[in-house]
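Structural overview for review
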Amino acid sequence: MSEVKIAAESRTEFGKGAARRIRRENKVPGVLYGHGSDPLHLTLPGHELLMALRTPNVLISLDIDGKTNELAIPKSVQRDPLKGFLEHVDLLLVKRGEKVTVEIPVHTEGELAPGGNLLEHVLVALPVEAEATHIPESVTVSIEGLEAGASIHAKDITLPSGVALAVEEDAVVLQVLQAQAEETEGEEAAEGEAAAEA
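Residues numbered from 1 in each chain as written. Predicted model: local features only at pLDDT ≥ 70, side-chain atom pairs only at ≥ 80, totals over all residues. Heavy atoms only, no water.

Points about unusual backbone geometry
- The phi torsion at N26 lies on the positive side, around 60°, for a residue other than glycine.
- Inspection of the secondary structure puts N26 in the loop between α1 (16-24) and β2 (27-34).
- Taking relative accessible area as the criterion, N26 reaches 62% and is therefore assigned exposed.
- Despite not being glycine, D65 has its phi angle at roughly 55°, a positive value. (Helix = DSSP H or I, 4+ residues; strand = E, 2+ residues; numbered from the N terminus. Buried < 20%, exposed > 50% of the residue type's maximum accessible area, 1.4 Å probe, protein only.)

Quick word on the side chain of T133
- Topologically, T133 is positioned in the loop between β9 (125-131) and β10 (139-142).
- A distance of 2.8 Å separates polar atoms of two side chains, one belonging to T133 and the other to E131.
- Only 3.2 Å separates the side chain of T133 from the side chain of H134, close enough to count as a polar contact. (Polar contact = N/O pair within 3.5 Å; in protein donor to acceptor, adjacent residues only side chain to side chain.)

Quick word on the sheet that holds strand β8 (residues 118-121)
- The strand order β8-β13-β11 describes an open sheet built from three strands, whose pairing is antiparallel. In this open sheet, the two edge strands, each paired with only one partner strand, are β8 and β11 (151-153). Direction aside, neighbouring strands of the sheet carry axes that sit 10° apart on average. (Pairing = 2+ DSSP bridges. Axes fitted to C-alpha atoms, helices over the stretch in contact; angles between N-to-C directions.)

A closer look at α1
- Listed as buried for α1 are A18, A19 and I22. Buried residues along α1 cover an arc of 100° about the axis, so they all sit on one side. The exposed residues of α1 that point more than 90 degrees off its buried face are K16 and R24.
- Here the buried face of α1 lies against β2 and β3 (37-45).
- N26 sits one or two positions beyond α1 and adopts a positive phi of about 60°. (Arc of directions from axis to C-beta. Contact = heavy atoms within 4.5 Å.)

By themselves these figures say nothing about function.
This is the structure:
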């Protein structure tokens, strides 16, 4: 698990106007909270934060005002829905050795059995508990040769050492569905007439 160092500044200005000014400077407003301490409002460098957030559950070493160093993981990230730039980030304060519950992406490898079957990701991310400084970036599951009706449960996924499930063992993560048969011509004609009447 990579650790990214980011220099942050504490901020005392709040509200939409202050947030806009921060964003105009290519920076991102954020809040650091956790461990029962008062939330700390921060200004973070936009490009560095954007690059760090490309890694799921990245561990961020914050140098705040050049005085204090804190470890944090991203808890909530708000992006502009059209342009995609970062609008705000919530960071969760963590300590080395502390266990945290996070969601890690589920990747697949291999090919399903022939026959046009479809793979459904019931859970696109798997909730796990891991040490804050050893959060896996993802888990990979083999779907090689799986046929319609097959499913992979949380308990079937091999996790790295020191990582435990934070979801029911029987929770379905992936399942294979049978491809829908082509509609018959009669059904298509009936649908066409219904659409014409509407």
